[in-house]
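The chain contents come next:
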Amino acid sequence: MEKFVYKRLPNAPEEHLSEKERMEMEFGPLSSKDYLYEVSYDPNQPLNPAVDEPPYFVVIFTYLNYLILIIIGHLKDFFGKRFMPQYFEAVLPKNGYPPWYSAFESFYPRRLKKRLDDCFARPICGVPGRFVRCFDRISPDYNETFLYSGELKPLLNLSSYNYLGFAQSIGSCTDAAVKSVEEYGTSSCGPRNQIGTCNLHKETEALVARFVGKDDAVMFSMGFGTNANLFTSLVNSKCLVISDSLNHSSIRFGIRLAGAAVKVFPHNDMEKLEQILRESISQGQSKTHRPWKKIVVCVEGLYSMEGNLADLPALVALREKYKFYLFVDEAHSIGALGKSGRGVCDYFGISPSKVDMLMGTFTKSFGAAGGYVAADQEIIDRLRLDISTNVYGESMPPAVVTQINTSLRIIMGEINGDEGKQRLQRIAFNSRYLRLGLKRLGFIIYGVDDSPVVPLLLYAPPKMPAFSRMMYERGVAVVVVGYPATELISSRVRLCVSASLTKEDIDRILTICDDIGDKLYLKFSSGISGGEKHPGDYKKGIPPRWSLKEVLERTPEDCKKPTY
């Protein structure tokens, strides 16, 4: 049996679609200006919305599911090693050599994750725009291997971080990228100012700094590598880094690599953070009790698993009081939040000078690749001097830099008129509409109203593959997330909203989710998180539910109003 079967795709959609139809497949047309919304921060809106908890029987059912799966997995391992050792060679000693990896440490991916491997890493073809085309595949051996028919299936895309819809094969960004390849080539940049760097890089770094409101910026070819190597240039063993408990793994990895002391505060808990700051300043270093050389507080602007924001106003107030360095990772907020798309500082109306370092990626809102750090000039000069990411890594290709440059100038309104402003208003409307619509249907949804990441809680492990496969069958691509990326019982589907989606697309998503939610029994919201209470039902003491018809008729207008 072949592990991979592939044949040419003569009937791929692009081969018989007009340019206009292709554009609409990648970025949907705006049907009405009523479906635009300008983001504005309301101080009365809670940054940490009340977390809706499922009924107790859902929690018990979830734990029982994991218990049954674990027992079955251990039974299979016990009998399999004895009667079918050929299938367990990687976890058994052989010829006097130890196994490749421990059976216990590999238990979760082998016995739990593999059951839903068909829901992950689905290969796609083309750009991840409004629609994404997936290769159909089947597994004859329970996700051990996959067979590909060669057929393509177009799916409405809620699985990509293409927040502003710049991932297009047609448009200003693509034209500019093609032109840069013709001018600079694919790996060199013509007149070089230093190894691997050309005027295009320097111009774009200056543009990034101007966009986020800092003195200067430095770009890197990889977003994860930006954080992973950043802290080695900033801190050492005599410095303290205080990290939010939900920070991305790249931040955690970078801090460990730097060898700095680390303390963790509960997610967005400003009281606990202040307590840690007071104790750390008064006690000093753990052995010598000398003052810390530096104290750096690290947070994310928008948390991609929870859909909520850092409490930046409170963080800035603490920074003014305790004089620490503040680092904000804006991987998911830059370009996606704020009236001008400039991230959390823009969203809260706080001057970027109040934040010492702003980090971000180009892989999401800008439809490109790489990352950046923007800060005061002396910090950027230090990074250019010794950060290992650029010293030992390749510079960004000219086409990628041009994509970043062009998309930035569109967002800033320097080219293409108000296209950038409209993209920002479209993602703001889509995010609020989808979130409020799902809440009103009865789902438990995490995050703030303006977040383009919409986590829908599933809880029980069998519901992750069931939801993913049912959405796939109905023509929607989604991402399911479970342990260890989330807590064990907090598995979820993470819906990623894009400006490329139309209001009619959101209607379709709500209709499909309503049907699947009934079949999988996912509607157990208590209504405490705001915006989803149905006045009539609520007065009667019935769980707050809206009919699909009511949601589609009333929510588009209501989503522009406060829901707390």
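Residues numbered from 1 in each chain as written. Predicted model: local features only at pLDDT ≥ 70, side-chain atom pairs only at ≥ 80, totals over all residues. Heavy atoms only, no water.

1. Considerations on the layout of surface pockets
Thinking step 1. Taken as a whole, the largest pocket holds about 1,100 Å³ of empty space.
Thinking step 2. The wall of the largest pocket is formed by 46 residues, among which L246, M305, E306, A485 and R492 lie closest to the centre.
Thinking step 3. Mapped onto the lining of the largest pocket, the elements with two or more residues apiece are helix 6 (223–230), helix 7 (249–258), strand 11 (357–361) and strand 16 (491–496).
Thinking step 4. Shared between two domains, the lining of the largest pocket takes at least three residues from each, and those domains are domain 1 (19–56 + 418–559) and domain 2 (172–412).
Thinking step 5. Volume-wise, the second largest pocket comes out at about 820 Å³.
Thinking step 6. Around the second largest pocket, the lining is made up of 18 residues, and of these R110, R111, K114, D141 and E144 lie nearest the centre.
Thinking step 7. Contributions of two or more residues to the lining of the second largest pocket are made by helix 2 (56–83) and helix 3 (107–111). (1 Å grid on protein atoms, 1.4 Å probe; cavity = no way out; pocket = protein on both sides within 12 Å on 5 of 7 lines; lining within 4 Å. Points joined across faces, edges and corners; volume = space filled by probe spheres on them. Helix = DSSP H or I, 4+ residues; strand = E, 2+ residues; numbered from the N terminus. Domains from an automatic or database assignment.)

2. Overview of the domain arrangement of the protein
Thinking step 1. In terms of domain boundaries, the protein breaks down into domain 1 (19–56 + 418–559) and domain 2 (172–412).
Thinking step 2. Taking only C-alpha atoms into account, the centre of domain 1 sits 29 Å from that of domain 2.
Thinking step 3. Of the residues lining the interface, 25 residues belong to domain 1; the matching set on domain 2 comes to 22 residues.
Thinking step 4. Across the interface of domain 1 and domain 2, roughly 2,000 Å² is buried in total on both sides, 62% from carbon and sulfur atoms. (Contact = heavy atoms within 4.5 Å. Buried area = accessible area lost by both parts, 1.4 Å probe.)

3. Looking at the sheet that holds strand 2 (residues 131–138)
Thinking step 1. With mixed pairing, four strands are arranged side by side in an open sheet as 1-2-3-14. In this open sheet, the two strands that pair with only one neighbour each are strand 1 (124–125) and strand 14 (476–477).
Thinking step 2. As judged from the two bridges shared by strand 3 (residues 147–157) and strand 14, these two strands associate in the parallel manner. In the sheet register, L156 faces strand 14, and the bridge partner there is V476. (Pairing = 2+ DSSP bridges.)

4. Here's the deal with the nonpolar core
Thinking step 1. Counting residues in each nonpolar core, the largest one holds 111 residues, and the members touching the most others are V297, L312, L326, L434, L438 and F467.
Thinking step 2. Element by element, the count of residues in this core is highest for helix 14 (residues 419–441), at nine residues.
Thinking step 3. Each of domain 1 (19–56 + 418–559) and domain 2 (172–412) contributes no fewer than three residues to this core.
Thinking step 4. In this structure, L438 is in contact with F443, I445, V454, L456, L495, L510 and C513, ignoring residues within four places of it in sequence.
Thinking step 5. Core analysis: the second largest hydrophobic core is formed by 23 residues, F231, V241, I255 and A260 among them. (Core = buried A, V, L, I, M, F, W, Y, C linked by side-chain atoms within 4.5 Å. Buried < 20%, exposed > 50% of the residue type's maximum accessible area, 1.4 Å probe, protein only.)

5. A few points about the packing of aromatic side chains
Thinking step 1. Throughout the structure, instances matching the rule amount to 16 aromatic pairs.
Thinking step 2. Here the aromatic rings of Y41 and F348 are separated by 4.8 Å at their centres, their planes lie at 75°, and the arrangement is edge-to-face. One end of the pair, Y41, is in the loop between helix 1 (19–26) and helix 2; the other, F348, is in helix 10 (residues 344–348), and 307 residues separate them in sequence.
Thinking step 3. Y41 gets classed as partly exposed once you look at its relative accessible area, which sits at 24%.
Thinking step 4. What makes F348 buried here is its relative accessible area of 9%.
Thinking step 5. Centroid distance F362 to Y372: 5.3 Å. Interplanar angle 35°. Geometry classified as tilted. Of the two residues, F362 sits in the loop between strand 11 and strand 12 (371–375) while Y372 sits in strand 12, which places them 10 residues apart along the sequence. (Phe/Tyr/Trp six-rings, centres within 6.5 Å; stacked < 30°, edge-to-face > 60°.)

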